[in-house]
Amino acid sequence: MSALLACLLTNPTILAIGAGLVGALGWGFHQRLAGARAERNKQAEAEAVARNIADQVDNDIGALPAEAVRKELKSWARD
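Here's a quick rundown of the structure.

A closer look at the overall build of the chain
Next up, step 1: Looking only at helices and strands, the chain has 3 helices and 0 strands in total.
Next up, step 2: Each helix and strand of the chain, ordered N terminal to C terminal, gives the series α-α-α.
Next up, step 3: Taking 79 residues into account, the globule formula puts the C-alpha radius of gyration at 12 Å, and the chain, at 31 Å, lies well above it.
Next up, step 4: Taken along its principal axes, the extent of the C-alpha atoms in the chain is 90 × 25 × 15 Å.
Next up, step 5: With 79 residues in all, the chain has 1% of them scored as buried.
Next up, step 6: Carbon and sulfur atoms provide 65% of the accessible area of the chain, an area that totals close to 7,300 Å².
Next up, step 7: The centroid of the 9 positive side-chain charges in the chain is displaced by 7 Å from the centroid of its 9 negative side-chain charges.

Right, here's the structure in full:
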């Protein structure tokens, strides 16, 4: 058993194949994390844009007189 293990650990071809496999797995894991990070950033950007639009709407509504706001809201309410 130890002779087989010694043969495998001293063979440069087998070591190169093993190192290639470990490197490929590490690169794949890194790419997976990078994709998840990019998706989180994209969602955060979309949420920031939506929040900005919501803030603008709130500011526009706050600038209207109360009677105009009631009139606008009545057009959106179900009867």
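Quick word on the pattern of salt bridges
Next up, step 1: According to the stated counting rule, one finds 4 salt bridges in the structure shown.
Next up, step 2: E39 is paired through a salt bridge with K42; the nearest N and O atoms lie 3.8 Å apart. Within this pair, E39 and its partner K42 are both found in helix α2 (residues 12-63), separated by 3 residues, close to a single helical turn.
Next up, step 3: Classification of E39 by relative accessible area gives partly exposed; the value is 36%.

Describing a nonpolar patch on the surface
Next up, step 1: A cluster of nonpolar residues, M1, L4, L8 and I14, forms a patch on the protein surface that exposes about 440 Å² of accessible area.
Next up, step 2: Within the element layout of this structure, L4 appears in helix α1 (residues 2-10).

About the cut-offs
- Each residue is numbered by its place in its chain's sequence as written, counting from 1.
- Given that the model is predicted, a residue must reach a pLDDT of at least 70 before its local features are reported, and side-chain atom pairs must reach 80 or more before they are shown or counted; all residues, however, enter totals for whole chains, interfaces and linings.
- With hydrogens and water excluded, all non-hydrogen atoms of the structure serve as input to the side-chain values.
- Counting from the N terminus, the helices are DSSP H or I runs at least four residues long and the strands are E runs at least two residues long.
- To get the radius of gyration, use the C-alpha atoms; to get the globule rule, take the number of residues to the power 0.38 and multiply by 2.2 Å.
- We call a residue buried when its accessible area falls under 20% of the maximum for its residue type, exposed when it is over 50%, and partly exposed in between, using a 1.4 Å probe and counting protein chains only.
- Calculation of accessible area relied on Shrake-Rupley with a 1.4 Å probe; when residues are assessed, cover is drawn exclusively from the protein chains displayed.
- Here Asp and Glu are counted as negative and Lys and Arg as positive; His is not counted, and neither are the chain ends.
- Note that the charge is assigned to NZ on lysines, CZ on arginines, CG on aspartates and CD on glutamates.
- A side-chain nitrogen of Lys or Arg and a carboxyl oxygen of Asp or Glu constitute a salt bridge if their distance falls within 4 Å.
- Residues qualify for a patch when their relative accessible area is over 30% and they have no salt bridge, like charges being joined within 9 Å and the nonpolar side chains of Val, Leu, Ile, Met, Phe, Trp and Tyr within 5 Å.

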